Amino acid sequence: MTLAEDGLLLIVLNSVHSKRRQASTLMHELAHSILDHTPASVQVSPAGLVLLSDYSDEQEEEADWLGGALLLPQAALYHHRSAGKSVTDIARHFGVSDDLCHWRCRMTGVEKRLAFRARA
């Protein structure tokens, strides 16, 4: 959850989630702020507390992309994969999930570049 008030940003993470999940959530929420996203809808309690806000599907996808890029830059992925490190090793190194690391390797084209390089 993210709260923004008078130029301050407070991101509250679920302590029950793993540190890897928390890192991903933190970057996702920061991405919403960096991209200056505005919630599509906001629910407020009678006391004036923000209870829930929803972003559009497009904004959620943008935040996913930027959050992933902040955690696992393409150049770093290429460097480590070129050095023979496994996706699991890279994920551990950067403190993220294997799933996120696999996704970033696919989406950045790192795996295709390495496969092309191996054929050449």
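For the structure, see preceding data.
Before going into details, it helps to say that this report is about the structure given with it. (Residues numbered from 1 in each chain as written. Predicted model: local features only at pLDDT ≥ 70, side-chain atom pairs only at ≥ 80, totals over all residues. Heavy atoms only, no water.)

## A word on unusual backbone geometry
Part 1 of the argument: One non-glycine residue, Asp 36, lies in the positive phi region at around 55°.
Part 2 of the argument: Relative to the helices and strands, Asp 36 is located in the loop between helix 1 (19-34) and strand 3 (41-44).
Part 3 of the argument: A residue is classified by how much of its surface remains accessible, and Asp 36, at 64% relative accessible area, is exposed. (Helix = DSSP H or I, 4+ residues; strand = E, 2+ residues; numbered from the N terminus. Buried < 20%, exposed > 50% of the residue type's maximum accessible area, 1.4 Å probe, protein only.)

## Observations concerning the nonpolar core
Within soluble globular proteins, side chains that are nonpolar generally end up buried alongside one another.
Part 1 of the argument: Leu 71, Leu 72, Leu 77, Val 96 and Cys 101 are the most contacted members of the largest nonpolar core, which has 14 residues in total.
Part 2 of the argument: Sorting the residues of this core by element identifies helix 1, helix 4 (87-94), helix 5 (98-107) and helix 6 (110-119) as the ones contributing at least two each. (Core = buried A, V, L, I, M, F, W, Y, C linked by side-chain atoms within 4.5 Å.)

## Digging into the environment of Glu 111
Part 1 of the argument: Looking at the element boundaries, Glu 111 is found in helix 6.
Part 2 of the argument: For Glu 111, a relative accessible area of 27% puts it in the partly exposed group.
Part 3 of the argument: Taking the C-alpha atoms as reference, Glu 111 lies 8.3 Å from Tyr 78; in sequence the two are 33 residues apart.
Part 4 of the argument: With near-sequence residues (within four places) excluded, Glu 111 lies in contact with Arg 81, Val 87 and Cys 105. (Contact = heavy atoms within 4.5 Å.)

## Points about the packing of aromatic side chains
Part 1 of the argument: The full count for this structure, using the stated rule, is one aromatic pair.
Part 2 of the argument: Positioned above the aromatic ring of Tyr 78 is the side chain of Arg 113, whose terminal nitrogen or guanidinium carbon lies 3.9 Å from the ring centre. (Phe/Tyr/Trp six-rings, centres within 6.5 Å; stacked < 30°, edge-to-face > 60°. Lys NZ or Arg CZ within 6 Å of the ring centre and 35° of its normal.)

## Side note on helix 1
Part 1 of the argument: The terminal C-alpha atoms of helix 1, which comprises 16 residues, lie 22 Å apart, in line with the 22 Å expected from a rise of 1.5 Å per residue.
Part 2 of the argument: Considered for burial, the residues of helix 1 that qualify are Gln 22, Ala 23, Met 27, His 28, Glu 29, Ala 31 and His 32.
Part 3 of the argument: Buried residues along helix 1 sit against strand 1 (2-5), strand 2 (8-11) and helix 2 (57-71).
Part 4 of the argument: Phi turns positive one or two residues past the end of helix 1, at Asp 36, with a value near 55°. (Expected span 1.5 Å × (residues − 1).)

## Some thoughts on a nonpolar patch on the surface
Part 1 of the argument: Together, Met 1, Leu 3, Leu 10 and Val 12 make up an exposed nonpolar region whose accessible area comes to about 330 Å².
Part 2 of the argument: Looking at the element boundaries, Leu 3 is found in strand 1. (Patch = residues over 30% accessible without salt bridge, like charges linked within 9 Å, V, L, I, M, F, W, Y side chains within 5 Å. Areas by Shrake-Rupley, 256 points an atom, 1.4 Å probe, with all protein chains shown as cover. Salt bridge = Lys/Arg side-chain N within 4 Å of Asp/Glu carboxyl O.)

## Some details on the side chain of Thr 108
Part 1 of the argument: Looking at where Thr 108 falls in the secondary structure, it is placed in the loop between helix 5 and helix 6.
Part 2 of the argument: Looking at Thr 108, its side chain comes within polar contact range of the main-chain oxygen of Arg 104, at 2.7 Å.
Part 3 of the argument: For Thr 108, the residues in contact, after removing those within four places along its chain, are Gln 74 and Leu 77. (Polar contact = N/O pair within 3.5 Å; in protein donor to acceptor, adjacent residues only side chain to side chain.)

## Section: the pattern of salt bridges
Part 1 of the argument: All chains considered together, the criterion is met by two salt bridges.
Part 2 of the argument: Of the charged contacts, one joins Asp 98 and Arg 20 as a salt bridge, the two residues approaching to 4.0 Å between their closest N and O atoms. Of the two residues, Asp 98 sits in helix 5 while Arg 20 sits in helix 1, which places them 78 residues apart along the sequence.
Part 3 of the argument: Residue Glu 111 is joined to Arg 81 by a salt bridge in which the shortest nitrogen-to-oxygen separation is 2.9 Å. Here Glu 111 is found in helix 6, whereas its partner Arg 81 is found in helix 3 (residues 74-82), with 30 residues between them in sequence.
Part 4 of the argument: Judged by its relative accessible area of 21%, Arg 81 is partly exposed.

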